[in-house]
Amino acid sequence: AELSVESGKHMSKKAKKEQRQTFREFMSTIVDDESPNEVVAFRGGQMTLNNWREIIQLNFIRHCLQSGFQVQLMTNATLQAIFGSDGRILNS
C-alpha cells in the first residue's frame, strides 16, 4: 500500500532505487509470468524464496523481529515450518 501513495519528490535516492526495483519485479511477474526469486543468506546457510507469499512473509517477520530474526529462524519450529527450513541443518 505504501508504494502506491509514495511520491518520488521527498524520497532519498536509495528509497527511489528500491521502489523502482520493486516495481520492476512486480512488472516482470505480471507481464512475463516470471516468479520472483530471493536468496536469503544467514549464519549457518541460506534459504531460497520462490514466490511473493514467502517474500512478503519474510519481510514482515524480519520487520517484527528485527535483529532477532536469525536466532528465531534457527530455533523457532514455527518459522522453520513456514519457510520449510530444517533447524538441525541451520544450527550445525
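Numbering of residues starts from 1 in each chain and follows the order in which that chain's sequence is written. With pLDDT at 70 or above as the cut-off, local features in this predicted model cover only qualifying residues; side-chain atom pairs require 80 or more to be listed or tallied, and sums for whole chains, interfaces and linings still use all residues. Just so you know, side-chain values use all the structure's heavy atoms and leave hydrogens and water out.

To continue, consider the overall build of the protein. Counting its regular elements, the protein contains 6 helices and 2 strands. Helix and strand assignments follow DSSP, with helices taken as H or I runs no shorter than four residues and strands as E runs no shorter than two, numbered in order from the N terminus. Tracing the protein from N to C terminus, the helices and strands come up as α-α-β-β-α-α-α-α. Residue exposure (1.4 Å probe, protein chains only): buried if accessible area is under 20% of the type maximum, exposed if over 50%, otherwise partly exposed. Within the protein, the proportion of its 92 residues that are buried is 23%. For the protein, the proportion of contacts with a sequence separation of at least 24, taken over those separated by at least 6, is 27%. Values of accessible area rely on a 1.4 Å probe in the Shrake-Rupley scheme; residue burial ignores everything except the protein chains shown. Accessible surface for the protein amounts to roughly 6,900 Å². Of this, 54% is attributable to carbon and sulfur atoms. Contacts are assigned to residue pairs that have any heavy atoms within 4.5 Å of one another.

Turning our attention to the nonpolar core. Inside soluble globular proteins, nonpolar side chains tend to come together where they are buried. Throughout this description, the term nonpolar core refers to a set of buried Ala, Val, Leu, Ile, Met, Phe, Trp, Tyr and Cys residues connected via side-chain atoms within 4.5 Å. Counting 11 residues, the largest nonpolar core is built from Val40, Phe42, Met47, Leu49, Ile55, Leu58, Ile61, Phe69, Leu73, Leu79 and Phe83. Of all the elements in the fold, those that place two or more residues in this core are β1 (38-42), β2 (45-49), α3 (52-65), α4 (69-75) and α5 (77-83). Examining the composition of this core, we find that 3 residues originate from one element, α3, more than from any other. The contacts of methionine 47, once residues within four sequence positions are left out, are Glu38, Val39, Val40, Phe42, Leu58, Leu73 and Phe83.

By the element assignment, glutamate 54 lies in helix α3. Residues scored as charged are limited to Lys and Arg (positive) and Asp and Glu (negative), so that His and the chain ends carry no count. Any carboxyl oxygen of Asp or Glu that lies within 4 Å of a side-chain nitrogen of Lys or Arg is treated as forming a salt bridge with it. Comment: no salt bridge for buried glutamate 54; closest opposite-charge side chain is arginine 53, at 4.3 Å. Ignoring anything within four residues of it in the chain, the contact list for glutamate 54 reads Thr48, Leu49 and Phe83.

Values of pLDDT, the confidence the predictor places in each residue, fall between 0 and 100. Scored by pLDDT, the protein has a mean of 79; 83% of the residues are at 70 or more. Element-level mean pLDDT values for the protein span from 55 in helix α6 (residues 87-91) up to 88 in α3.

Here the focus is α3. In this scheme, a helix's expected span is set at 1.5 Å multiplied by one less than its residue total. Taking 1.5 Å of rise per residue, the 14 residues of α3 would be expected to cover 20 Å, and the 20 Å separating its terminal C-alpha atoms lies within 8% of that figure. When α3 is considered as a whole, its buried residues turn out to be Glu54, Ile55, Leu58 and Ile61. Each buried residue of α3 lies within a common arc of 135 degrees when the element is viewed along its axis, so the set occupies one face. Across from the buried face of α3, at angles greater than 90 degrees, the exposed residues are Ile56, Phe60 and His63. Residues of α3 that are buried sit in contact with β1, β2, α4 and α5. The N-capping residue of α3, defined by a side-chain oxygen 3.2 Å from the backbone nitrogen of arginine 53, is asparagine 51. The arc in question is the one spanned by the directions pointing from the helix axis to the C-beta atoms. Think of a polar contact as two N or O atoms within 3.5 Å of one another; within protein, one of them needs to be a possible hydrogen donor and the other a possible acceptor, and neighboring residues in sequence only count if both atoms come from side chains.

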